[in-house]
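One letter stands for each residue in the lines below.
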Amino acid sequence: SKEEVVSLPQPIILDLDSIFQSIKQTSDDDIDVNSIIHNTLPNATITEETIQQITNCHSHCTKWLIFSDLHVMPTTLTTCLQVLDTIHAAALERQAGILFLGDFWHHRGFVRVDCLNAVLDTMS
(Lines give C-alpha, C1' and ligand atoms only; values in the text may rest on other atoms or scores of the structure.)
Protein backbone atom coordinates (compact mmCIF):
# COMPACT_ATOMS: atom_id res chain seq x y z
CA SER A 1 0.00 0.00 0.00
CA LYS A 2 1.16 3.49 -0.79
CA GLU A 3 1.44 6.08 1.94
CA GLU A 4 -0.53 9.24 1.38
CA VAL A 5 1.71 12.28 1.21
CA VAL A 6 0.24 15.32 2.90
CA SER A 7 1.43 18.73 1.81
CA LEU A 8 1.42 21.29 4.57
CA PRO A 9 1.28 25.00 3.83
CA GLN A 10 4.46 26.99 4.28
CA PRO A 11 4.61 28.47 7.79
CA ILE A 12 4.26 32.23 7.94
CA ILE A 13 6.34 34.12 10.44
CA LEU A 14 5.04 37.54 11.35
CA ASP A 15 6.95 40.22 13.23
CA LEU A 16 4.07 41.03 15.56
CA ASP A 17 6.04 43.72 17.34
CA SER A 18 6.41 45.77 14.16
CA ILE A 19 2.76 45.13 13.26
CA PHE A 20 1.56 46.35 16.66
CA GLN A 21 3.91 49.34 16.48
CA SER A 22 2.38 50.23 13.09
CA ILE A 23 -1.10 49.93 14.58
CA LYS A 24 -0.15 52.17 17.53
CA GLN A 25 1.24 54.79 15.15
CA THR A 26 -1.92 54.80 13.05
CA SER A 27 -4.30 57.55 14.06
CA ASP A 28 -7.00 56.25 11.75
CA ASP A 29 -9.95 54.76 13.65
CA ASP A 30 -10.46 52.17 10.93
CA ILE A 31 -7.17 50.26 10.98
CA ASP A 32 -6.70 47.77 8.17
CA VAL A 33 -4.56 45.13 9.87
CA ASN A 34 -4.22 43.05 6.72
CA SER A 35 -2.74 45.97 4.77
CA ILE A 36 -0.21 46.54 7.57
CA ILE A 37 0.66 42.83 7.51
CA HIS A 38 0.77 42.84 3.70
CA ASN A 39 3.40 45.59 3.86
CA THR A 40 5.40 43.42 6.29
CA LEU A 41 4.91 40.08 4.54
CA PRO A 42 3.12 40.31 1.17
CA ASN A 43 1.66 36.77 1.10
CA ALA A 44 0.34 36.67 4.68
CA THR A 45 -3.10 37.40 6.05
CA ILE A 46 -4.31 37.50 9.61
CA THR A 47 -7.81 38.05 10.92
CA GLU A 48 -8.97 40.71 13.36
CA GLU A 49 -9.99 37.86 15.67
CA THR A 50 -6.44 36.52 15.66
CA ILE A 51 -5.05 39.98 16.45
CA GLN A 52 -7.47 40.26 19.38
CA GLN A 53 -6.48 36.82 20.65
CA ILE A 54 -2.80 37.74 20.47
CA THR A 55 -3.24 41.07 22.22
CA ASN A 56 -5.50 39.64 24.94
CA CYS A 57 -3.55 36.42 25.44
CA HIS A 58 -1.34 37.70 28.24
CA SER A 59 -3.29 40.78 29.32
CA HIS A 60 -4.17 39.04 32.59
CA CYS A 61 -0.55 38.26 33.49
CA THR A 62 0.99 40.17 36.37
CA LYS A 63 3.98 37.83 36.71
CA TRP A 64 6.40 36.78 34.02
CA LEU A 65 8.96 34.03 33.63
CA ILE A 66 11.81 35.31 31.47
CA PHE A 67 14.47 33.17 29.82
CA SER A 68 16.87 33.31 26.90
CA ASP A 69 19.75 31.60 25.13
CA LEU A 70 18.21 28.16 24.73
CA HIS A 71 20.44 27.41 21.70
CA VAL A 72 18.50 24.41 20.39
CA MET A 73 20.60 22.06 18.23
CA PRO A 74 20.73 18.28 17.88
CA THR A 75 23.26 17.78 20.67
CA THR A 76 21.29 19.94 23.14
CA LEU A 77 17.78 19.00 22.02
CA THR A 78 16.90 16.68 24.92
CA THR A 79 18.04 19.22 27.51
CA CYS A 80 16.28 22.08 25.70
CA LEU A 81 12.99 20.16 25.63
CA GLN A 82 13.35 19.51 29.36
CA VAL A 83 13.99 23.22 29.93
CA LEU A 84 10.86 24.13 27.93
CA ASP A 85 8.78 21.65 29.94
CA THR A 86 10.18 23.00 33.21
CA ILE A 87 9.52 26.62 32.24
CA HIS A 88 5.98 25.78 31.16
CA ALA A 89 5.27 23.95 34.44
CA ALA A 90 6.73 26.82 36.47
CA ALA A 91 4.65 29.38 34.57
CA LEU A 92 1.47 27.38 35.15
CA GLU A 93 2.28 26.98 38.84
CA ARG A 94 2.88 30.73 39.21
CA GLN A 95 0.08 31.76 36.82
CA ALA A 96 2.71 33.68 34.89
CA GLY A 97 3.29 34.54 31.26
CA ILE A 98 6.48 33.50 29.51
CA LEU A 99 8.88 35.84 27.72
CA PHE A 100 11.74 34.55 25.63
CA LEU A 101 14.50 37.06 24.93
CA GLY A 102 16.41 35.46 22.09
CA ASP A 103 18.85 32.88 20.78
CA PHE A 104 16.31 30.07 20.61
CA TRP A 105 18.16 28.24 17.83
CA HIS A 106 21.90 27.68 18.01
CA HIS A 107 22.63 28.19 14.31
CA ARG A 108 21.64 31.35 12.48
CA GLY A 109 20.04 31.18 9.07
CA PHE A 110 18.54 27.70 9.18
CA VAL A 111 16.50 25.47 11.46
CA ARG A 112 16.79 21.69 11.42
CA VAL A 113 13.39 20.13 10.78
CA ASP A 114 13.91 17.39 13.37
CA CYS A 115 14.66 20.00 16.06
CA LEU A 116 11.76 22.20 14.95
CA ASN A 117 9.31 19.28 15.04
CA ALA A 118 10.50 18.20 18.51
CA VAL A 119 10.11 21.74 19.86
CA LEU A 120 6.66 22.13 18.28
CA ASP A 121 5.56 18.80 19.75
CA THR A 122 6.75 19.91 23.19
CA MET A 123 4.96 23.25 22.90
CA SER A 124 1.68 21.82 21.70
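Each remark here, short or long, concerns the structure printed above.
Keep in mind the model is a prediction, meaning the values are calculated, not measured. (Residues numbered from 1 in each chain as written. Predicted model: local features only at pLDDT ≥ 70, side-chain atom pairs only at ≥ 80, totals over all residues. Heavy atoms only, no water.)

## A short note on the nonpolar core
We count it as follows: Only buried Ala, Val, Leu, Ile, Met, Phe, Trp, Tyr and Cys residues count toward a nonpolar core, and they belong to the same one when joined by side-chain atoms within 4.5 Å. Burial classification: accessible surface area is computed with a 1.4 Å probe over protein chains only, and a residue below 20% of its type maximum counts as buried, one above 50% as exposed, and the rest as partly exposed. Here a strand is any run of E in DSSP of at least two residues, a helix any run of H or I of at least four, and the numbering for each starts at the N terminus.
Counting 15 residues, the largest nonpolar core has Leu-70, Val-72, Leu-77, Leu-81, Leu-84, Phe-104 and Val-119 as its most contacted members. Only strand E1 (64-67), helix H4 (77-94) and helix H5 (113-123) provide two or more residues apiece to this core. The element contributing the most residues to this core is H4, with 7 residues.

## Some remarks on the packing of H4 against H5
Quick reminder of the rule: Every angle, taken between N-to-C directions, lies between 0 and 180 degrees, and every axis is a line fitted to C-alpha atoms, over only the stretch in contact when it is a helix. What sets the label is the angle itself: under 35 degrees gives roughly parallel, over 145 gives roughly antiparallel, 65 to 115 gives roughly perpendicular, and the rest give oblique. The crossing is said to be left-handed when, going from far helix to near helix, the turn is anticlockwise and less than a right angle, and right-handed when the turn is clockwise. Here, two residues are considered to be in contact whenever any of their heavy atoms come within 4.5 Å of each other.
Contact geometry of H4 with H5 gives a least axis separation of 10 Å together with a crossing angle of 20°. Between H4 and H5, the interaxial angle falls into the category roughly parallel. In this structure, H4 crosses over H5, and the sense of that crossing is right-handed. Where H4 abuts H5, its residues Leu-77, Leu-81, Leu-84 and Asp-85 lie against Cys-115, Ala-118, Val-119, Thr-122 and Met-123.

## Some words on the pairing of strand E2 (residues 97-100)
So the rule is basically this: Two strands form a pair only when DSSP identifies at least two bridges running between them. By convention a crossover is right-handed if, when the strands point away from the viewer, the path from the first strand over the helix to the second runs clockwise.
Pairing analysis gives 4 bridges linking E1 to E2, with the strands arranged parallel. When the sheet's bridge partners are listed, Phe-67 is paired in E2 with Phe-100. Between the parallel elements E1 and E2, the chain passes through H4 in a crossover that is right-handed.

## Considering the packing of aromatic side chains
Where we set the bar: Between the rings of Phe, Tyr and Trp (Trp by its six-membered ring), a pair exists once the centres lie within 6.5 Å; its type follows the angle of the planes, with under 30 degrees stacked, over 60 edge-to-face, and the other angles tilted.
Using the criterion set out here, one finds 3 aromatic pairs in the structure. With centroids separated by 5.0 Å and ring planes inclined at 65°, the aromatic side chains of Phe-104 and Trp-105 adopt a geometry described as edge-to-face. Looking at Trp-105, the relative accessible area reads 24%, which means it is partly exposed. An aromatic cluster of three or more residues is present, and its members are Phe-67, Phe-100, Phe-104 and Trp-105.

## Details of the environment of Asp-121
If you trace the backbone, Asp-121 turns up in helix H5. Asp-121 gets classed as exposed once you look at its relative accessible area, which sits at 58%. When the C-alpha positions of Asp-121 and Leu-81 are compared, they lie 9.6 Å apart, and in sequence the two are 40 residues distant.

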